[in-house]
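Close look at the chain arrangement
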Amino acid sequence: MQNWPKVELHVHLDCSLTYDVVKLIDPAITRDQYRQAFVGPVKCLDLADFLDCTNAAVQLLQTKKALSLAVHGLFSQWKRDHVVYGELRFAPLLHTQGGLTPDEVITTVIEAAETCKKEKDIEAGIILCTLRHFNESQSMETIRLVEKYLGDHIVGFDIASDEAGYPIDAHVGAFHYANDKGIPCTAHAGEAKGPESVWETLENFFPRRIGHGARAMEDPKLVNHLRAEQIHLEVCPTSNIQTNVFASYTDHCIDRMYAEGLSISINTDARAIADVTLTEEYRKLCETFGWAPAHFMKCNMEAIKHAFTTPAIRQKVRLRMMEEFTR
Ligand code: HPA
Ligand code: ZN
């Protein structure tokens, strides 16, 4: 399972710091201290409680060295999981507390990703996030940064953070701007709130993909709409258990999403905070729902179809998937 080729579309850089990476930045830290500060409990109260677990990582990621090490660490995890195409995401405006400018933050991540892509033979893109609690000007600043660096490296725009705690109003302008310019968009929704939040996101942000979207399953009309419009859902099962969207893995609706014919992919969301790898996520799906290679092949083909990438890379990844999955 580890050697199956995989596509991962939804993983946050600041939620994915391994002990090895943190130790390179802060050599004094012990494994216990790392677990305490950088790994979340198996069960959080809710999404807001989970988001509190990102504080230590954000505090650490305020220098070029730390950001670069974080990217190298994520690509190493991708390599172990045999990810052949990945999209990593982060909010650049969170990393300016140590004096870096947003441009320095972004170019540091781009340069590190460029090196890793070549070293590890992994195709990758970077998504910049605005956050629910940001104001209108921070959201506009973020989308203008996406526009400035759009190309081989920065590939899209997202909104993350506390879906239940903050309304969408401050971000409508940024998504309008993105859609006007043809910038690919995804948006976290249907995680801490139900189908009404997914409808609101679709009707105001017009994203091509939804981050999570699991709670869309509570509304059959919405399921039909997502299928008809081919909106891709970046599903992150273990993260949903941790944020208490579902009580346990058995209760997760991913198997029903698949059976409904929705376009879905399998993702970790937060490798360190959720203490999960993509291979473990695949193993849990096999054990819990009896998923077979065909399920994973289908999800990965849907993922690459909806990836924010070029036709040439899409084709290259498809060929790798077909060659290596049938081996
Ligand atoms: N939802 C919203 N914001 C996030 C998440 C998530 O699952 N993970 C990291 N930031
Ligand atoms: Zn997420």
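Residues numbered from 1 in each chain as written. Chains lettered and ligands numbered in written order. Predicted model: local features only at pLDDT ≥ 70, side-chain atom pairs only at ≥ 80, totals over all residues. Heavy atoms only, no water.

1. Considering the sheet that holds strand β5 (residues 186-189)
Our working rule: Strand pairing is assigned whenever DSSP detects at least two bridges linking the two strands. Only DSSP runs of H or I with at least four residues qualify as helices, and only runs of E with at least two residues qualify as strands; both kinds are numbered from the N terminus onward. Axis definition: a line fitted to C-alpha atoms, over the contacting stretch in the case of helices. Angles run 0 to 180 degrees between N-to-C directions. Working rule for contacts: check all heavy atoms of both residues, and any pair within 4.5 Å makes them a contact.
Taken together, four strands build an open sheet; the order of strands is β5-β6-β7-β8 and the sheet is parallel. Edge positions in the open sheet fall to β5 and β8 (264-266), since each of these has one partner strand only. Looking at each pair of strands side by side, their axes are set apart by 25° on average, direction ignored. Along the sheet, helix α14 (residues 293-306) makes contact with β6 (209-212), β7 (232-235) and β8, crossing β8 at roughly 110°.

2. Some thoughts on the packing of aromatic side chains
Each aromatic ring pair is specified by the distance between its two centres and by the angle formed by the two planes. Quick note on the threshold: Between the rings of Phe, Tyr and Trp (Trp by its six-membered ring), a pair exists once the centres lie within 6.5 Å; its type follows the angle of the planes, with under 30 degrees stacked, over 60 edge-to-face, and the other angles tilted. Exposure is judged per residue with a 1.4 Å probe applied to protein chains only, and the accessible area is read against the type maximum: over 50% gives exposed, under 20% gives buried, and values in between give partly exposed. Working rule: Lys NZ or Arg CZ, within 6 Å of ring centre, within 35 degrees of ring normal, means a charge sits over the ring.
Counted by the stated rule, this structure contains 10 aromatic pairs. Where F157 meets F175, the ring centres are 4.8 Å apart and the plane angle is 45°; that geometry is what we call tilted. With F157 in strand β4 (residues 154-160) and F175 in helix α8 (residues 172-180), this residue pair connects regions lying 18 residues apart in the sequence. Like F157, the residue F175 is buried in the burial classification. Its guanidinium or amino end placed over the ring of Y177, R144 lies 5.1 Å from that ring's centre, counting from NZ or CZ. Positioned over the ring face of F308 is R209, at 3.8 Å from the centre of the ring.

3. Re the coordination of the zinc ion (ligand 2)
Selection criterion: Sites may look incomplete, because water is not among the atoms used; the donor set itself consists of N, O and S atoms within 2.8 Å of the metal (3.2 Å for Na, K and Ca). A four-donor site is classed as tetrahedral when every donor-metal-donor angle falls between 85 and 135 degrees; four donors are called square planar, and six octahedral, when trans pairs exceed 155 degrees and all remaining angles lie between 65 and 115, with any other arrangement labelled irregular.
Binding of the zinc ion (ligand 2) to the protein goes through H10 (NE2), H12 (NE2), H188 (NE2) and D269 (OD), at separations of 2.1 to 2.2 Å. Geometry at the zinc ion (ligand 2) is irregular, judged from its four donor atoms and the angles of 84 to 170° they form at the metal. Between consecutive donor residues of the zinc ion (ligand 2), the sequence gaps follow H-x1-H-x175-H-x80-D. Residue H12 is found in strand β1 (residues 6-12), and its partner D269 is found in the loop between β8 and α13 (278-289); the two are separated by 257 residues along the sequence. Among the residues examined, H12 registers a relative accessible area of 10% and is labelled buried.

These figures come from the coordinates and say nothing about function on their own.
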